[in-house]
Amino acid sequence: MQETKSTCPYCGVGCGVVIESEGNAITGVRGDPDHPANFGRLCTKGATLHLSASPSVTRQMRLLQPLVRATRTQAPAPIAWDSALDLAAHRFAGTIAAHGPDAVGFYVSGQLLTEDYYVFNKLAKGLVGTNNIDTNSRLCMSSAAAGYKATLGADAPPACYGDLQHADCLFIIGSNTAWAHPVLFRRIEDARAARPDMKIIVVDPRRTDTAACADLFLQIRPGSDAVLMAGMLHLMQRQAWLDTDYIAAHTSGFAALQPQLAACTPERVARECGIALADLVQAARWFAGVADDATAPRGRTLSLYCQGLNQSSAGTANNAALVHLHLATGQIGKPGAGPLSLTGQANAMGGREVGGMSNLLSAHRDMANPQHRAEVAALWGLRDVPAKPGKTAVEMFEAAADGEIRALWIACTNPAQSLPHQSAVRRALERAEFVVLQEAFAHTATAAYADLLLPASTWGEKTGTVTNSERCISRVRSAVPAAGEARHDWQIALQFAQRLEQHLRPGMPTLFPYANHQASAEAATEAIWNEHRESTRGRDLDITGLSYARLDATGPQQWPLPEGATHGRKRLYGDGIFPTPDGRARFAVLAAQGLAESPSLRYPFLLTTGRLRDQWHGMSRTGTVARLSGHAGAPCVQMHAQDMARQGLQEGALACVTSARASIVLPVAACAEIAPGQAFIAMHWGSEWLGGQSAAGRALAGVNALTTQERCPISQQPALKHTAVKILKVDLPWQLCAMAWFPEDEALRARTALAALMDAFAFASCTLFAAPSTSETDADADAPARTGVCLTAAGHYAAPDALLERIEALLGLASEGTLRYADRRRGQRRAARLVPSAAHNTLGALLLAGDTLAQHWLTGVLQNDLPTTPYGRMLLAPGAKPPRGTLGAAAGARQVCSCLGVSEGAIADALSRLAGDAAARLSALQAQLRCGTQCGSCVPELRRLVQGTPAQARPA
């Protein structure tokens, strides 16, 4: 076995991993104990990375060779790499010659490595001469970047993870850290245990697992973030809790902010936010660090924040309002104090460093600054680079829909799932004359619109660097060769660029001299990185003192680390000097627009979107690991129980969720975390997992069919967080439940085939499920690996027999020996396939059509491998209850601990027999079931379940 140190590709915590491999196969992964971000810990997603890179996943889901479509309606066919790149260069060159450089656009990803980003940025701005390059980081971090720049002068998070150990108050706003950044939340738990007096304030419209740890939870109304923080600052000023010396010495603009602050009286703010006035006062006092003893030193406050602030039409104003609190109280540049934005993707920070967005230049240079443009042009050996800002993410697809952009190159992202207003996005992809998709996975929603598909390497195969939320640069290393014919992202961009140069600047020296036939991928990547490093010389993010060799020898390093420095800087602005013309931080007077869409009589509910604990973005990777579906296995819309009652909705009933743009249908679930008048759908459920057909015959496009394209006017980040909707009960009397176990090397292909049928129904979802226990020490660990696939659907009328026969064939229900029942007149159809074994028969596959009430007990029979002998042909009986005289079977319970497959039911059963206080019962629960003893991602939920279950009385 070989071990390779690398970095996790998911969120911006930037955890180090140790990849275990044998030959060309990745066989395991564990946390890197030496990495300063995680010290060996991983979350559920990181701990299962090796499963997403298994040979069976690679064979079934990866894009392994270049493909081309002759027409959009045809299936793609193989094409040689040289021919594919020649075709791409020819089409882009032709578009540029006919319509100019701004007729093409590049849409890339925060999951690219810094070196990939650098080549794409140089390709667009240097070679093509367009600033039409943007990234899906626009959807997650552009408001944070704009907020930093507006107040502190540069897009540079000033704090670090180590500040958790020194903070007296932790202010978490717009972030469900326990789910979105679980390993960082483990560090919060550690800090709290070491310093029990540390206060935690959580601000969120939902009562999340993060909120459960709070000393003070402010369940504000959506869109009132900036108002809340202005009210806190108003109170601090009124109560003389400000650091007036710091304001005078190190900031400007505080006087200009006064009219805005004066309007934010505590009474008005408490009313608008929907919180108690006393809680507002307490939050302001704790944040300011003011103790009852006036002689005590000021406490230190660290802020953590994410998409709740960023994905808003007031995103930049939200971010600025938070930084204002830190500046006004001197809470910056010292241990335990400062704002720290939590990056959504593994390398969104690195992309901003190289200028890989439509309004940026390399190394935090300003596109509008002629000197900065000249510096970049000189580095690249050009006369100039374009000055006109390019199209941002949403603008780029709007321009494609309007015919302004005619050729699109999309790399390592899935806009047909993740961008808002999906009907407009898909219209853009259909109208664009030529679409290239550079992607590792073959079956993303965007792949259906691509003329040319180019296979890219992915985690475990790539080499380069990433930068995490605390400005820490880590190496990414390849443990195995790229699968199939896949190539590295920088390599594809470079080889395309060299061909395009022959059209755009024939006979001139190449702008991309990083690789030749003798250079290894590692050497070429280092050459790219060295050029990026030189671009930072003298800038706020200067890394001229860093090298691949130094990263290999000393491990991850924070920037800035200029030439001659012995180490990177943990915290910024400790000297009170900021990267602004006068060296002072700024209080920025920005209008907070509130919600892009407010509830109305027509759309009375406010829909929030967000992450699930065990899934990632569009699930192209995490969706291949059935274990990760145990915690939240299928799409649903969560509502407050009172709202469900008013709408006549029962648990699990289908509801139609409609915004001003589209409708989708999905089951409803009661959720106590959500306030009345609000709803929640996870951001991950795109058309790959949630489908159906509208009354007009159009395919439904997942949750982002609903979301608005409105965006912050400064950052241009879409307001994905909040959408006004109506939620109505939908009557779809004919329903379908079909599920089966598959061998591991067949399940994903079967799910893909079944998912392709979803649009034949008014509602459908197609998901994975795992065996009840996934513990590696399970007694059945030597049994053949298998994965479950489940298709649920509904319609106004019974589905055609041919469609049901196709589903049965895909589930293995077409074989002899399958038990069957059919009543065509009533639209009823049932089939069950038994699997013989030495001990007893089990249920291997099941289809219920028409009457699906029996799914509630038959699901338990199938998922728990219960003996079917007591049932016989009664497996086909209708109704919600098992046949009389047989043992009932509980449906597969939701898993709380994904690592060890521990269900909520098992936890409730164990807690019913445990005595003692909450801490003692949690410890006993973990000792008994081992839940929460692996990655720890489920610990917040375990605490909540313990607190919600009465303790068993001790014997007298």
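Keep in mind that this is a model prediction, so the values were computed, not measured. (Residues numbered from 1 in each chain as written. Predicted model: local features only at pLDDT ≥ 70, side-chain atom pairs only at ≥ 80, totals over all residues. Heavy atoms only, no water.)

### Considering the overall build of the protein
Thinking step 1. If you tally the helices and strands in the protein, you get 30 helices and 37 strands.
Thinking step 2. Taking the principal axes of the C-alpha coordinates as reference, the protein spans close to 85 × 80 × 60 Å.
Thinking step 3. By the burial criterion, 62% of the 956 residues in the protein qualify as buried.
Thinking step 4. When contacts within the protein are restricted to residue pairs at least 6 apart in sequence, those whose partners lie at least 24 apart make up 72%.
Thinking step 5. By element, 52% of the accessible surface of the protein is carried by carbon and sulfur atoms, the whole surface being about 34,300 Å².
Thinking step 6. Looking at charge distribution, the protein has the averaged site of its 87 positive side-chain charges lying 4 Å from that of its 82 negative ones. (Helix = DSSP H or I, 4+ residues; strand = E, 2+ residues; numbered from the N terminus. Buried < 20%, exposed > 50% of the residue type's maximum accessible area, 1.4 Å probe, protein only. Contact = heavy atoms within 4.5 Å. Areas by Shrake-Rupley, 256 points an atom, 1.4 Å probe, with all protein chains shown as cover. Lys, Arg positive; Asp, Glu negative; His and termini not counted. Charge placed at Lys NZ, Arg CZ, Asp CG, Glu CD.)

### Topic: the packing of aromatic side chains
Thinking step 1. Considering all chains together, one arrives at 15 aromatic pairs under this definition.
Thinking step 2. On the numbers, 6.4 Å between centres and 85 degrees between planes, the contact of Tyr118 with Trp380 is edge-to-face. Of this pair, Tyr118 sits in helix α5 (residues 114–128) while Trp380 sits in helix α17 (residues 370–380), and the two are 262 residues apart along the sequence.
Thinking step 3. Look at Trp380 and you get buried, because its relative accessible area is 4%.
Thinking step 4. Members of the aromatic cluster, each reached through a chain of ring pairs, are Phe92, Phe106, Trp409, Phe434 and Phe496.
Thinking step 5. A cation over an aromatic ring shows up here: Lys122 above the ring of Phe512, its NZ or CZ 5.6 Å from the ring centre.
Thinking step 6. Lying over the aromatic face of Trp689, Arg751 brings its terminal NZ or CZ to 3.8 Å of the ring centre. (Phe/Tyr/Trp six-rings, centres within 6.5 Å; stacked < 30°, edge-to-face > 60°. Lys NZ or Arg CZ within 6 Å of the ring centre and 35° of its normal.)

### Looking at helix α22 (residues 521–535)
Thinking step 1. Between the first and last C-alpha of α22 there are 22 Å, a value that for 15 residues agrees with the 21 Å anticipated at 1.5 Å per step.
Thinking step 2. Along α22, the residues that are buried comprise Ala524, Thr525, Ile528, Trp529, Glu531, His532 and Ser535. Buried residues of α22, viewed axially, fall in a sector of 155 degrees; they line one side. (Expected span 1.5 Å × (residues − 1). Arc of directions from axis to C-beta.)

### Let's talk about the environment of Gln863
Thinking step 1. With respect to the helices, strands and loops of the structure, Gln863 is situated in helix α27 (residues 855–863).
Thinking step 2. A C-alpha to C-alpha distance of 35 Å links Gln863 and Lys726, two positions 137 residues apart in sequence.

### Quick look at unusual backbone geometry
Thinking step 1. For the peptide bond that leads from Trp559 to Pro560, omega is 5 degrees, which places it in the cis range.
Thinking step 2. Within the fold, Pro560 resides in the loop between β21 (557–558) and β22 (585–586).
Thinking step 3. In this model, Ala363 sits at a positive phi of 60 degrees, which is unusual for a non-glycine residue.
Thinking step 4. Note on Ala363: relative accessible area 0%, which makes it buried.
Thinking step 5. Its identity is not glycine, yet Tyr573 carries a phi of approximately 70 degrees, on the positive side.
Thinking step 6. Checked against the element boundaries, Tyr573 lands in the loop between β21 and β22.

### Points about the packing of helix α28 (residues 904–911) against helix α29 (residues 918–929)
Thinking step 1. At a minimum axis separation of 10 Å, α28 and α29 run at an interaxial angle of 125 degrees. As far as their axial angle goes, α29 and α28 are oblique. Viewed along their axes, α28 and α29 form a crossing whose handedness is right-handed. Between α28, through Ala906, Ile907, Ala910 and Leu911, and α29, the contact on the second element is made entirely by Leu925, Gln928 and Leu929.
Thinking step 2. Counted by class, the contact of α28 with α29 contains 6 nonpolar, 1 polar and no charged residues. (Axes fitted to C-alpha atoms, helices over the stretch in contact; angles between N-to-C directions. Parallel < 35°, antiparallel > 145°, perpendicular 65-115°, else oblique. Left-handed = near helix turned anticlockwise from the far one by under 90°. Nonpolar A, V, L, I, M, F, W, Y, C, P; charged D, E, K, R; others polar.)

### Re the sheet that holds strand β27 (residues 678–682)
Thinking step 1. If you walk around this closed barrel you meet the 6 strands as β23-β27-β24-β26-β25-β29, and the pairing is mixed. Pairs of neighbouring strands in the sheet enclose a mean axial angle of 45 degrees, with direction left out of account.
Thinking step 2. The sheet contact formed by strand β23 (residues 605–610) and β27 spans 5 bridges and is parallel. Residue Thr608 lies in a different strand from β27, and its bridge partner there is Phe680. (Pairing = 2+ DSSP bridges.)

### What about the pattern of salt bridges?
Thinking step 1. In this structure the tally under the stated criterion is 48 salt bridges.
Thinking step 2. The partner of Glu563 in a salt bridge is Arg537, and the shortest N-O contact between them spans 3.0 Å. With Glu563 in the loop between β21 and β22 and Arg537 in the loop between α22 and α23 (548–554), this pair connects stretches of sequence that are 26 residues apart.
Thinking step 3. For the salt bridge of Asp823 with Arg826, the shortest nitrogen-to-oxygen distance reads 3.9 Å.
Thinking step 4. Classification of Arg826 by relative accessible area gives exposed; the value is 58%.
Thinking step 5. Counted as one network, the salt bridges with shared partners bring together Arg613, Asp614, Arg894, Glu904 and Glu941. (Salt bridge = Lys/Arg side-chain N within 4 Å of Asp/Glu carboxyl O.)

### Here's the deal with the packing of helix α8 (residues 182–194) against helix α30 (residues 939–947)
Thinking step 1. Where α8 contacts α30, the axes come no closer than 11 Å and their chain directions differ by 55 degrees. Taken together, the axes of α8 and α30 lie oblique to each other. Contacts from Phe185, Arg186 and Glu189 in α8 reach Val939, Pro940 and Arg943 in α30.
Thinking step 2. Looking at side-chain class alone, the contact of α8 with α30 contains 3 nonpolar, no polar and 3 charged residues.

### Section: the nonpolar core
Thinking step 1. Formed by 77 residues in total, the largest nonpolar core has its most connected members in Leu304, Val637, Met639, Ile681 and Ile727.
Thinking step 2. Tallying contributions element by element places α8 first for this core, with 5 residues.
Thinking step 3. Judged by nonpolar contacts, the second largest core, of 62 residues, contains Ala156, Ile275, Ala283 and Ala585. (Core = buried A, V, L, I, M, F, W, Y, C linked by side-chain atoms within 4.5 Å.)

### Regarding the domain arrangement of the protein
Thinking step 1. Domain annotation for the protein reports domain 1 (2–61), domain 2 (67–136 + 348–502), domain 3 (142–341), domain 4 (601–730), domain 5 (732–774 + 783–872) and domain 6 (895–948).
Thinking step 2. Once you take the C-alpha centre of each, domain 3 and domain 6 turn out to be 32 Å apart.
Thinking step 3. Here domain 3 packs against domain 6, burying approximately 550 Å² in sum over the two surfaces, 43% of which is carbon and sulfur.
Thinking step 4. Among the residues of domain 3 in contact with domain 6, Arg186, Glu189 and Asp209 are the three that bury the most area, contributing 67% of the side total.
Thinking step 5. Counting the contacts that link domain 3 with domain 6 gives 2 salt bridges.
Thinking step 6. Residue Glu189 pairs with Arg943 through a salt bridge whose shortest N-O separation is 2.8 Å.
Thinking step 7. Our enumeration of links across domain 3 and domain 6 arrives at 3 residue pairs in polar contact (both at pLDDT 80 or more).
Thinking step 8. Here the side of domain 3 that touches domain 6 takes 4 residues from α8, the largest share from any one element.
Thinking step 9. Of the residues belonging to the side of domain 3 that touches domain 6, the class tally is 3 nonpolar, no polar and 3 charged. (Domains from an automatic or database assignment. Buried area = accessible area lost by both parts, 1.4 Å probe. Polar contact = N/O pair within 3.5 Å; in protein donor to acceptor, adjacent residues only side chain to side chain.)

### Looking at the sheet that holds strand β4 (residues 67–68)
Thinking step 1. Taken in spatial order, the 7 strands line up as β5-β4-β18-β17-β16-β6-β7 in an open sheet, and their pairing is mixed. In this open sheet, the two strands that pair with only one neighbour each are β5 (77–78) and β7 (133–135).
Thinking step 2. In this structure, strand β6 (residues 104–108) lies alongside β7, joined through 3 bridges in parallel fashion. From the neighbouring strand, Val108 faces β7, where its bridge partner is Thr135.

### Let's talk about α29
Thinking step 1. Under the 1.5 Å per step criterion, the end-to-end length of α29 is 16 Å for 12 residues, consistent within 8% with the ideal 16 Å.
Thinking step 2. Taken together, the buried positions of α29 are occupied by Arg921, Leu922, Leu925 and Gln926. Projection of α29 onto a plane perpendicular to its axis shows the buried side chains occupying an angular sector of 135 degrees, all on one side. Looking at α29, the residues exposed on the side facing more than 90 degrees away from the buried face are Ala919 and Ala927.
Thinking step 3. In this structure, the buried residues of α29 make contact with α28 and α30.
Thinking step 4. Just past α29, the residue Arg930 takes up positive phi, approximately 70 degrees.

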